[in-house]
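Structural features, examined
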Amino acid sequence: MIPAIEQLCEAVRAAVPDAVLEIIPSTPAAAQPALLVDGAHVVAVAKYLRDDPSCRLDFCSCVTGVDYLAKGSIEVVYHLYSVALKHGPVVLKVRAPRDLDQCRVPSLTPVWRGCEFQEREAFDLYGVKFDGHPDLRRILMWDGFQDFPMRKDYVPPADYEWEPTPHDEVLKRAKAGGGIMPPSAAVEVKK
Amino acid sequence: MITAPIANMTGKIETQTLEVSIGPQHPSTHGVFRMDVVLDGEIVRALKPVIGYLHRNHEQLAEKMAWLHSMPYTDRLDYFNSMTNNWAYALAVEKLAGIKVPERAEYIRVIMAELSRLQNHASAIGFLLQDCGAWGTPLLYAFREREKILDFFETVSGSRMMCNYLRFGGVRVDLDEPMLAMAREIVAKFPKFLDEFEKLMTTNEVVLARCQRVGILPKELAIAGSISGPVARASGVEYDLRKVDQYGVYGRFEFGVPVGPVGDVYDRYYIRVLEMREALKILQQALRDIPAGPAQAPEVKLRGFKIPAGDGYGRVEGPKGELGFYLVSDGGPKPYRYHVRPPSFINITVLEDMCLGHKVADAIIILGSIDIVLGEVDR
Amino acid sequence: MNYPGKGLVDGLAVTARNFVGSYFYTDRLTTVQYPEERVQTPENSRTFPFLVFDESPDKPRCTACKICEVECPPKCIYIVMDRDEKGKPRQQPKIFDIDISVCMQCQICVEVCPFESIKMDNDYEKSRYGRFNELMLRLPDLLKSNEYYRQIKPTEAAAVDAKLKAEAEAKAAKKAAAAAVAAAKAAASPPATPPPASPKPPEGSAA
């Protein structure tokens, strides 16, 4: 069985002494608290978690980037499971500042090969650079795409041409004079 | 380039590697998928998958819509198995919000998921054989059976593939007796089809020659590469979420988890056949034991549904692998972050490793044996 | 008995059985000669929404409450409430557009409608020549009678009719009970004094 997050935190602290660790709780129902690690030591922590005989977390299931606009940071979340011991999940989080020049974290692809494509996706959509990734380039957006679309402050280009049932921002823009609206909607606008 | 004087003098012919783009419009790439291969004659020297042609921005759309409104969009992720996608999302939300699902709804979910698995594996094998060159014969035999399952889905939910059937806390429509009888009939007739299907292919010399010892995935690479589903089990990794997590009521059913010895294309084909037989066992038990009761938890609201703040990860064993949803809630009616962990996307991480040293035709069937669907890869 | 090529011969036997069987059994030959013959879709089959009216198209069940517009995931519905000459809302839609090139047939609009007024049709032959205006269903295209609904979905329509009838009866019973209480109150209190409806002193009393 995977130990409780507090014991795991202590074990990691014993193995990697300089690591800065923090436990982040989640909803009481989900009960998946996370271990926040600082960027400098996350590779060492990951190797410990993978190789330690009581954890053996050899399966990195999911890598996600989350943009916390209010806190000014982008978080990369790793969900780890163990195929050998059939337990999990252990959630690792790494934070990076949102500023594009400083948005870098070490890559965990050398530890778990499965992170390769998912870290590329986090780079593509959030702009987080992963140091040590073998092949960091865009994966979902086309080459030459500028900007990082999943960030919370991304403004999509106003390149729609036909919006028959406009709502919300599109309706505002259509009323302001961009784009075609069908006759019935135009009746409403004129009123 | 063959330069004749040098060839005559030294006996050496100069050659060059050729970079070919297979796809995105290709009958055998299972969707809009491109592979940039570097070929030395016919042998693959390097292979890079290029994806993103079907990227529909599902994750960003979900941040702008209420929790329930993403449910029809999850149908369109792995468009072959809409029931499984719905279940993965519903499971993640129920985990995060702490909703308890009534027992009858759990049994209905298992029935739908296993029927989905049957039709997915049947068509996956059919498509694999079509990539091998059997022009549609096994594919259409599989599709004949699949039609019965799709007709059942249409009777229950209204739509053959985009079912939008599960809700948080249960299922949308309860199954009545005629529908259960239809399901029982499908399960009763399926083994006969499976026996005939196997007879056509399992000992067929052409299949054996083309598929054995092609595209071997070693067990350590499968675990390190986060490969899941039949691809991993064919390589010897005994990891099935139905047995490990025991989500839903899977703990009550007796079924086996087939594990393959070698991990080549033939093992990946045969493991799907064996998994279909195990799915039939689960279906027989579920259809026999389904209890009476409500089909949906009554306290879940349809409009204005909110989840307390926090994050959580829920996963199910889809027919293609581990399908997971990572959801972050800020306490409001819309998700703050909604991420899909697609099995096909991660399974193609090792495509290059499996294809190196094989011929182009083998690369095509290795891709077919992973069984990807682009709706899931690109979201 | 195993001989070289047995797998191939077995496979050929399977295809031969399917080929010959397709002349005799319909479960081997499942082709339907569309459009001369059509497969009967199940009752629950859904394609695009339509609006139900009971007596005449001028009185649809829809009250233009806009709940379906808000709950539609791809936002394909566009509703404008009808107003009378004075500008007061008439509880009926003036404009009700559904763009069926956007509609994803998810049926959420049907689930959230409080008045049982939008239901799913099962007509799937929706090809049109134009790409923009022709895939836009407006209010006249969407209004279909309850008879049509009963014809395409008998079980569902019967359940909806029963529910609406029960609701109407409950409402009528409540109204009758309230009227009875008011009548009883009027009979019990003395009829001479009119109720003080305004600050003016009642007639007849000393100012």
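Summarised in this report is the structure supplied together with it. (Residues numbered from 1 in each chain as written. Chains lettered and ligands numbered in written order. Predicted model: local features only at pLDDT ≥ 70, side-chain atom pairs only at ≥ 80, totals over all residues. Heavy atoms only, no water.)

This part is about the overall build of chain B. When you go through chain B residue by residue, the secondary structure sums to 16 helices and eight strands. Against the compact-globule benchmark of 21 Å for 379 residues, chain B has a radius of gyration of 22 Å, which places it among compact chains. Long-range pairs, those at least 24 residues apart, make up 71% of the contacts in chain B with a sequence separation of at least 6. When the accessible surface of chain B is summed, it comes to about 13100 Å², and 57% of that surface belongs to carbon and sulfur atoms. Considering chain B, the positive charge centre built from 44 side chains and the negative charge centre built from 47 side chains are found 3 Å apart. (Helix = DSSP H or I, 4+ residues; strand = E, 2+ residues; numbered from the N terminus. Rg over C-alpha atoms; globule rule 2.2 N^0.38 Å. Contact = heavy atoms within 4.5 Å. Areas by Shrake-Rupley, 256 points an atom, 1.4 Å probe, with all protein chains shown as cover. Lys, Arg positive; Asp, Glu negative; His and termini not counted. Charge placed at Lys NZ, Arg CZ, Asp CG, Glu CD.)

The next point concerns helix H6 (residues 137–157) of chain B. All names here are of chain B. Helix length check: H6, at 21 residues, gives a terminal C-alpha distance of 30 Å against a target of 30 Å (1.5 Å per residue), a fit within 8%. At Glu145, H6 shows its maximal kink, close to 25°. Burial within H6 is extensive, with 15 of its 21 residues counted as buried. Looking one or two places after H6, you find Gly158, whose phi comes out positive at around 105°. (Expected span 1.5 Å × (residues − 1). Bend = angle between axes of the 7 residues up to and from the residue. Buried < 20%, exposed > 50% of the residue type's maximum accessible area, 1.4 Å probe, protein only.)

Residue and element names in this part refer to chain C. Counted residue by residue, strand S1 (residues 49–53) has five buried out of five residues, so it is predominantly covered. Note that S1 and strand S6 (residues 143–145) share three bridges and pair parallel. When the sheet's bridge partners are listed, Phe53 is paired in S6 with Ser145. (Pairing = 2+ DSSP bridges.)

In this complex, chain B contributes 46 residues to the contact, which on the side of chain A involves 41 residues. Counting the surface lost from both chain B and chain A, the interface buries some 3700 Å², and carbon and sulfur atoms represent 58% of this. We note a salt bridge from Asp311 of chain B to Lys93 of chain A, for which the minimum N-O separation is 2.9 Å. Linking chain B with chain A are 20 residue pairs in polar contact (both at pLDDT 80 or more). With five residues, strand S6 (residues 310–318) of chain B is the single largest residue contributor to the side of chain B that touches chain A. Grouping the constituent residues of the side of chain B that touches chain A by class yields 21 nonpolar, 12 polar and 13 charged. (Buried area = accessible area lost by both parts, 1.4 Å probe. Salt bridge = Lys/Arg side-chain N within 4 Å of Asp/Glu carboxyl O. Polar contact = N/O pair within 3.5 Å; in protein donor to acceptor, adjacent residues only side chain to side chain. Nonpolar A, V, L, I, M, F, W, Y, C, P; charged D, E, K, R; others polar.)

As a further point, take the sheet that holds strand S4 (residues 73–81) of chain A. Residues and elements named next belong to chain A. Strand order in the open sheet formed by five strands is S1-S2-S5-S4-S3, with mixed pairing between adjacent strands. Looking at strand neighbours, the two that pair on one side only are strand S1 (21–24) and strand S3 (59–68), the edges of this open sheet. Neighbour-to-neighbour, the strand axes of the sheet open up by a mean angle of 25°, direction not taken into account. In the packing of helix H1 (residues 5–15) onto the sheet, contacts are made with S1, strand S2 (34–37) and strand S5 (90–97), and the angle to S1 comes to roughly 170°. Each of S3 and S4 touches helix H3 (residues 115–126); the most contacted strand, S3, lies at about 10° to it. (Axes fitted to C-alpha atoms, helices over the stretch in contact; angles between N-to-C directions.)

Further remarks concern empty space enclosed by the protein. Residue and element names in this part refer to chain C. A complete count under the given rule lists seven cavities of 30 Å³ or more for this structure. Taken as a whole, the largest cavity encloses approximately 80 Å³ of empty space. Along its surface, the largest cavity is lined by 15 residues, and Cys62, Cys65, Cys68, Cys113 and Ser117 are the ones closest to its centre. Of the residues that constitute the lining of the largest cavity, the class distribution is 12 nonpolar, two polar and one charged. (1 Å grid on protein atoms, 1.4 Å probe; cavity = no way out; pocket = protein on both sides within 12 Å on 5 of 7 lines; lining within 4 Å. Points joined across faces, edges and corners; volume = space filled by probe spheres on them.)

Residue and element names in this part refer to chain B. Evaluated as defined, the whole model comprises 61 salt bridges over all chains. The partner of Glu198 in a salt bridge is Arg277, with the nearest N and O atoms 2.4 Å apart. Taken as a pair, Glu198 in helix H7 (residues 177–201) and Arg277 in helix H12 (residues 265–289) lie far apart in primary sequence, 79 residues in all. Several salt bridges share partner residues, and in doing so they unite Glu114, Arg117, Arg233, Asp240, Arg242, Glu275 and Glu317 into one network.

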